[in-house]
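Descriptive structure summary
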Amino acid sequence: MQPASISQGPLLRSLGLSLAALLLGACASHGEQRATPPDTAVDAEAVSFPDPARASLKEGLFVDVDNLRLFARGMSKRQLYALLGTPHFGEGMWGVREWNYLFNFRSSPGGDYFTCQFKVDFDGKGIAQAAHWKPQACAAVLDPPRPPTPPAPAPMPGEPLRLAADAMFAFDSAMLTPEGRRNVETLLQQVRDASRVQTIQVIGYTDRIGSDRYNLVLSQRRAEAVRDALVAGGVPAAAIVAEGRGKADPLVQCGQAQRNALIVCLAPNRRVELSGKALPR
């Protein structure tokens, strides 16, 4: 029996050494584990939030969203306190590793509000490392505000826009006066932003005084002067058609024999009309 006992000794020692090596390896691997880096995404469901019933402000606090947008990792507790105020669950300044808040937000100005929990995690030196929301959808309150929807441009009226030539040009002239330029300026925004307009037609008219040829040329030059003023104001040149029609399509008929009285009576016929051709629906 003695040879058997001698052979068991080395075997037991070998098993003991193997077991010790396994234990040491397990301890070593346990010691090498690393904490989750602060910037690693954490499942929102895994974050622990305190019961809102334990908050010092159970009704929550309306917070300045612009201040909340300034939060960033690396802030100290003093900076966070100046930004958001005292945490709402009795956490102190020293030694605590998290601050918790109950914040209220309105879904629309003057409308109903909803409440969110906001948690900030700190490291051992009191420096913010991460922030969490409950529910996670509350993070959307920090999205930049949407720009206001611009008003829909008003369409050009069905009837032509009439500009009195006497308020635009000196008599027998095709050069816009300062008053004429101001009159074009008042129409510029409406013409530039008119909805569904494909082409803008500018038509010049004169009265019947003078030759047909002269009046046709003068009306064309006046239409072109208005077109050029619109183009200078930002209306695409390709969208404007200028045309002179001379003494055609009079609005009034006058029979005065005295020239000055006739000129005054015929004033409505001296005009520039703007009309728009709409895009097909």
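The structure we're discussing is the one just above.
Here goes a summary of the coordinates provided. Just so it is clear, the structure is predicted and the values come from calculations on it, not from any experiment.

**Here's the deal with the state of the cysteines**
Taken as a whole and judged by the stated rule, the model has 2 disulfides. Note that C116 is cross-linked by a disulfide to C138, the S-S spacing being 2.0 Å. Between C116 and C138, the S-S torsion sits near -80°, and that sign places the bridge as left-handed. Highlighted residues: C116 in strand 3 (residues 113-122) and C138 in the loop between strand 4 (128-134) and strand 5 (161-164), separated in sequence by 22 residues. Since its relative accessible area comes to 0%, C116 is described here as buried.

**So, the packing of aromatic side chains**
On inspection of all chains with the given rule, the structure shows 9 aromatic pairs. Judged by centre distance (6.0 Å) and plane angle (35°), the rings of F103 and F118 are tilted. Remark: F118 occurs in strand 3 and F103 occurs in strand 2 (residues 98-106); sequence separation between them is 15 residues. For the pair F103 and F118, one class covers both residues: buried. These aromatic residues form a ring-pair network of at least three members: F71, Y101, F103, F105, F114, F118 and W133. Directly above the aromatic system of F49 lies the positively charged group of K119, at a separation of 5.5 Å from the ring centroid. Its end group placed over the ring of Y205, R271 keeps NZ or CZ at 3.8 Å from the ring centre.

**A short note on the sheet that holds strand 2**
Here 4 strands make up an open sheet; going across it, the order is 1-2-3-4 and the pairing mixed. Strands at the two margins of the open sheet, each flanked by one partner only, are strand 1 (61-62) and strand 4. Pairing between strand 1 and strand 2: 2 bridges, direction parallel. The residue of strand 2 that forms the bridge with F62 is N104. Sheet contacts for helix 3 (residues 77-84): strand 2 and strand 3; angle to strand 2, the most-contacted strand, approximately 20°.

**Quick look at the environment of N67**
Mapped onto the secondary structure, N67 falls in helix 2 (residues 65-69). Given the relative accessible area of 27%, N67 is considered partly exposed. Linking N67 and L80, residues 13 residues apart in sequence, is a C-alpha distance of 9.8 Å.

Calculation rules
- Residues numbered from 1 in each chain as written.
- Predicted model: local features only at pLDDT ≥ 70, side-chain atom pairs only at ≥ 80, totals over all residues.
- Heavy atoms only, no water.
- Disulfide = S-S within 2.5 Å.
- Helix = DSSP H or I, 4+ residues; strand = E, 2+ residues; numbered from the N terminus.
- Buried < 20%, exposed > 50% of the residue type's maximum accessible area, 1.4 Å probe, protein only.
- Phe/Tyr/Trp six-rings, centres within 6.5 Å; stacked < 30°, edge-to-face > 60°.
- Lys NZ or Arg CZ within 6 Å of the ring centre and 35° of its normal.
- Pairing = 2+ DSSP bridges.
- Contact = heavy atoms within 4.5 Å.
- Axes fitted to C-alpha atoms, helices over the stretch in contact; angles between N-to-C directions.

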